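# Summary of the model geometry
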There are 2 protein chains.
Amino acid sequence: MTIAKDMTGGIALWRQIADAIRLDIVGGKLATGDRLPTEAALAQRFSANRHTVRRALSVLADEGVVGAEQGRGTFVRSARRLSYPIGKRTRFSEGLAGQARTLTTQHLGSRVENANAAVAAALGIKPGNRVVRIEGVSLADGLPLSRTTTWLPYRRFPDFAGRIVERLSFTAVFASYGIADYSRSSTRISARHADVEETKLLGLRPGAILLVSEAVDVDAEGVPISYALSRFPAERMELVV
Amino acid sequence: MTIAKDMTGGIALWRQIADAIRLDIVGGKLATGDRLPTEAALAQRFSANRHTVRRALSVLADEGVVGAEQGRGTFVRSARRLSYPIGKRTRFSEGLAGQARTLTTQHLGSRVENANAAVAAALGIKPGNRVVRIEGVSLADGLPLSRTTTWLPYRRFPDFAGRIVERLSFTAVFASYGIADYSRSSTRISARHADVEETKLLGLRPGAILLVSEAVDVDAEGVPISYALSRFPAERMELVV
DNA sequence: TCGCATTTGTGCGTATGTATT
DNA sequence: AAATACATACGCACAAATGCG
């Protein structure tokens, strides 16, 4: 990984260095417990001053990714990145089972609103039609993994919001509406920087990169039942097709 | 889209604003030919100075995304983002056909090297075994779309490098080795910032976000034949499963 | 043609953050 | 720890081009 030395790109050198080291760790080049190269070696590798490297390391230490020990060196604390499988039968909790000890979903709220153009197109309804909007965050072992906004047609699922708070599983609520099975019809994947609200809810630093997935689920007849906009911290998650 | 006002996140405000506006454009909120809000209005929206907004707009103007006209306003020049389909039978040129007028692939070079752990695991060979490594860039209508590094087992494809420069199509070269058909066995998707080499080759600004896809193709018997690491500028491409 | 509001373009001063030496 | 150089961000003012009544 090479790096832009001046700050004309609008991204501070310490952040570029922190991102590069974090990538080495979550990408597998450095395992949990490994000792990082010395600060002097890192400074040479990135053509930066040791002060700058130290700032990058202190950021990673705050995140819990590495820990410095005086006189011994800096060590990798946790090196795992979870894989989220995407396919025809994508189910959130099933896909991550086994990768984390505890997997929880927090329901942040919901409301009924009018569908904008994007939501209407995804759900195959007219713009302005009523839709239920559900906000949620999921955590693995206490660490936020995804921030999801889901829209469903109000006509078909008028009380979806009421039922999701009890059951906490989309699959279960769909079943309560008589939908025994459903499948993923399409997933679009893009990437961008997190905004401040996402930064806060996902416990990230400003400027973190998000993987954004827009998914449409359909029932057995192929009728769209939900449109989900999920945002995953790229430093903690990867998507597997 | 809310934005971090201070620069404590290591990402300059003008860059965050440029990213947010670009997202509005490629995301469909602003169409080609639309007039952007005035600089004063944007400054208010992002709680920033007009100078800062102007810097963001000048970056977007350099990219060709918007154009400013004195006395009239700033207008959206081009609003399209290409979709790259991913599936069992993923073929690069087929997937993008119809989305761009011209689609070219540049062969940047190749060499034989020893497989590292990641490459070996993907290809199902022993680390240290010889592999052919191919570097390439593809362009749509002259605009760089992807930067791809591909590894293939040397034992099976000793002259792959020689043949790719003539045929310029992986499908065609595989056919010349007697592989009539092949399919995608897995695709892993992540995201990160571009490094300086990628920035240069893809014609991006420092700090641009890349969608990274790691794909393994297998022959009819399920034996891995190639491991491809592709990097797409997130501002120009999205992946569709 | 004139005047006026709107909008982009330009200049300068100040304060703060970044990175090196 | 301090000095230096540069980039970022803000605030104010004014010039230049456009469009409209």
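Residue numbers here run from 1 along each chain, matching the order of that chain's written sequence. Lettering for chains starts from A, numbering for ligands starts from 1, and both go in the order in which the items are written. Local features in a predicted model are, by the rule used here, given only for residues with pLDDT of at least 70; side-chain atom pairs are given and counted only at 80 or more, and totals for whole chains, interfaces and linings are based on all residues. Excluding hydrogens and water, the side-chain values take into account all heavy atoms of the structure.

### Some thoughts on the protein's contact with DNA strand D
All names here are of chain B. This is how the line gets drawn: Distances are taken per atom, and a residue is near a molecule or strand as soon as one of its heavy atoms is within 4 Å of it. Distance and chemistry together define a polar contact, namely a pair of N or O atoms within 3.5 Å, with one atom able to donate a hydrogen and the other to accept it when in protein, and with adjacent residues in sequence counting only for side-chain atoms on both sides. Elements are defined by DSSP. Helices are runs of H or I of four residues or more, strands are runs of E of two residues or more, and each kind is numbered from the N terminus. When residues are grouped by polarity, Ala, Val, Leu, Ile, Met, Phe, Trp, Tyr, Cys and Pro land in nonpolar, Asp, Glu, Lys and Arg in charged, and all others, Gly among them, in polar.
Leu13, Asn49, His51, Thr52 and Arg55 are the nearest of the 17 residues found near DNA strand D. Counting only atoms of DNA strand D within 4 Å of the protein, the sugar-phosphate share comes to 76%. Take Trp14: an N or O atom from its main chain is 3.2 Å from a phosphate oxygen of DNA strand D. Contacts to DNA strand D include Thr52, whose side-chain N or O atom sits 2.6 Å from a phosphate oxygen. Secondary-structure elements contributing two or more residues to the surface near DNA strand D are helix H1 (13–26) and helix H3 (50–63). Sort the elements by how many residues they give to the surface near DNA strand D and H3 lands first, with four residues. Taken together, the residues that form the surface near DNA strand D break down as six nonpolar, eight polar and three charged.

### A look at the pattern of salt bridges
Once the charged atoms of two side chains with opposite charge are near each other, the side chains can pair. As a reminder, the rule being used: The term salt bridge refers to a side-chain nitrogen of Lys or Arg lying within 4 Å of a carboxyl oxygen of Asp or Glu. Using a 1.4 Å probe on the protein chains alone, a residue whose accessible area is under 20% of its type maximum counts as buried, one over 50% counts as exposed, and one in between counts as partly exposed.
One pass over the structure, following the stated rule, counts 38 salt bridges over all chains. Salt-bridge contacts for Arg188 of chain A lead to Glu214 of chain A; the nearest nitrogen and oxygen are separated by 3.1 Å. Here Arg188 of chain A is found in strand S7 (residues 182–193), whereas its partner Glu214 of chain A is found in strand S8 (residues 209–219), with 26 residues between them in sequence. Notably, a salt bridge pairs Glu113 of chain B with Arg111 of chain B, separated by 3.1 Å at the nearest N-O pair. Judged by its relative accessible area of 16%, Glu113 of chain B falls in the buried class. The exposure class of Arg111 of chain B is partly exposed, given its relative accessible area of 49%. If you follow the salt bridges from partner to partner, you end up with Arg111, Glu113, Arg133, Glu135, Arg147 and Glu197 of chain A in one network.

### A look at the protein's contact with DNA strand C
Taken together, 23 residues surround DNA strand C, and among them Leu13, Asn49 and Thr52 of chain A together with Arg50 and His51 of chain B come closest. In the interface set of DNA strand C, defined as its atoms within 4 Å of the protein, sugar plus phosphate atoms amount to 71%. Within the side chain of Thr52 of chain A, an N or O atom sits 2.4 Å from a phosphate oxygen of DNA strand C. At a separation of 2.5 Å, a base oxygen of DNA strand C approaches a polar side-chain atom of Arg50 of chain B. For the surface near DNA strand C, the secondary structure elements donating two or more residues are helix H1 (13–26) and helix H3 (50–63) of chain A together with H3, strand S1 (66–69) and strand S2 (73–76) of chain B.

### Comments concerning the interface of chain A and chain B
Interface size is commonly expressed as the accessible area that is lost once the parts come together. In plain terms, the rule: Every residue pair with non-hydrogen atoms within 4.5 Å of one another is taken to be in contact. Note on terms: buried area is the combined drop in 1.4 Å-probe accessible area of two parts once they are placed together, counting the loss on both. One requirement defines pairing of two strands: DSSP has to find at least two bridges between them.
With 35 residues of chain A at the contact, the number on the chain B side is 36 residues. When chain A packs against chain B, the two sides together hide about 3,200 Å² of surface, and 65% of this comes from carbon and sulfur. Of all residues in chain A, Ile189, His193 and Val241 of chain A bury the most surface against chain B, accounting for 17% of the area lost on that side. At the junction of chain A with chain B, the criterion picks out two salt bridges. Summed over the shared surface of chain A and chain B, the result is nine residue pairs in polar contact (both at pLDDT 80 or more). Mapped by element, the contributors of at least two residues to the side of chain A that touches chain B are H1, S7, S8 and strand S10 (237–240) of chain A. In terms of residue count, S7 of chain A provides more of the side of chain A that touches chain B than any other element does, eight residues in total. Residue composition of the side of chain A that touches chain B, grouped by class: 19 nonpolar, nine polar and seven charged. Two elements, S10 of chain A and strand S7 (residues 182–193) of chain B, share two bridges in a ladder whose sense is antiparallel. By the bridge assignment for S7 of chain B, Leu239 of chain A is matched with Ile189 of chain B.

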